[in-house]
Amino acid sequence: DGGDAFILALWARAAAALGDHRASLQAAQRAVLRLPLLPDGEHGRCCLTLARAAVARGDVEGLEQALARLRTTEQGLPLLAWEAARARASVAGRPPPPPGELARGLGPAELSALEARPT
């Protein structure tokens, strides 16, 4: 079932945040096997969650793999593309990119909340 992919990706992120990198990696690997069952929007969300899990593990290779899977989905989805760029910058040790067009029409508090989203 494709819905399991996102649950497993969330589990991978949670385990990584708790420092259990082995459990995180196992959940991530199981999630990847279920990615083909997901529609594009959910596929992108799942890949981004896997990328965030990799960042939390300090797993550059895992991040690159998750972002490579995400590249086909992020076109036409500006928030997803920006989040992916933020993850790439985080691992590269660069500051996050500005939100660009995503910030149009936002007030100062909303812009601050957007930029403060966790990577």
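For the structure itself, look to the data block above.
As the structure is a computational prediction, the values presented were derived from the model and not from experiment. (Residues numbered from 1 in each chain as written. Predicted model: local features only at pLDDT ≥ 70, side-chain atom pairs only at ≥ 80, totals over all residues. Heavy atoms only, no water.)

Colleague: I tried to follow the overall build of the protein on my own but got confused; where do I start?
Modeller: In terms of regular secondary structure, the protein is built from six helices and zero strands. The secondary structure elements of the protein, listed N-terminal to C-terminal, are α-α-α-α-α-α. Since a compact globule built from 119 residues should have a radius of gyration of about 14 Å, the 14 Å found for the protein is in line with a globular shape. The principal-axis extents of the C-alpha atoms in the protein amount to approximately 40 × 30 × 20 Å. Out of the 119 residues in the protein, the part that is buried amounts to 36%. A separation of at least 24 residues holds for 54% of the contacts in the protein among residues at least 6 apart in sequence. (Helix = DSSP H or I, 4+ residues; strand = E, 2+ residues; numbered from the N terminus. Rg over C-alpha atoms; globule rule 2.2 N^0.38 Å. Buried < 20%, exposed > 50% of the residue type's maximum accessible area, 1.4 Å probe, protein only. Contact = heavy atoms within 4.5 Å.)

Colleague: Honestly, the environment of Val32 in this entry has me stumped. Any pointers?
Modeller: Its location among the elements puts Val32 in helix H2 (residues 21–34). Here Val32 falls in the partly exposed class, since its relative accessible area comes to 25%. Sequence spacing of Val32 and Cys47 is 15 residues, and the spatial spacing of their C-alpha atoms is 8.4 Å. Non-local contacts of Val32, meaning those with residues more than four positions away in its chain, are made with Leu50 and Arg69.

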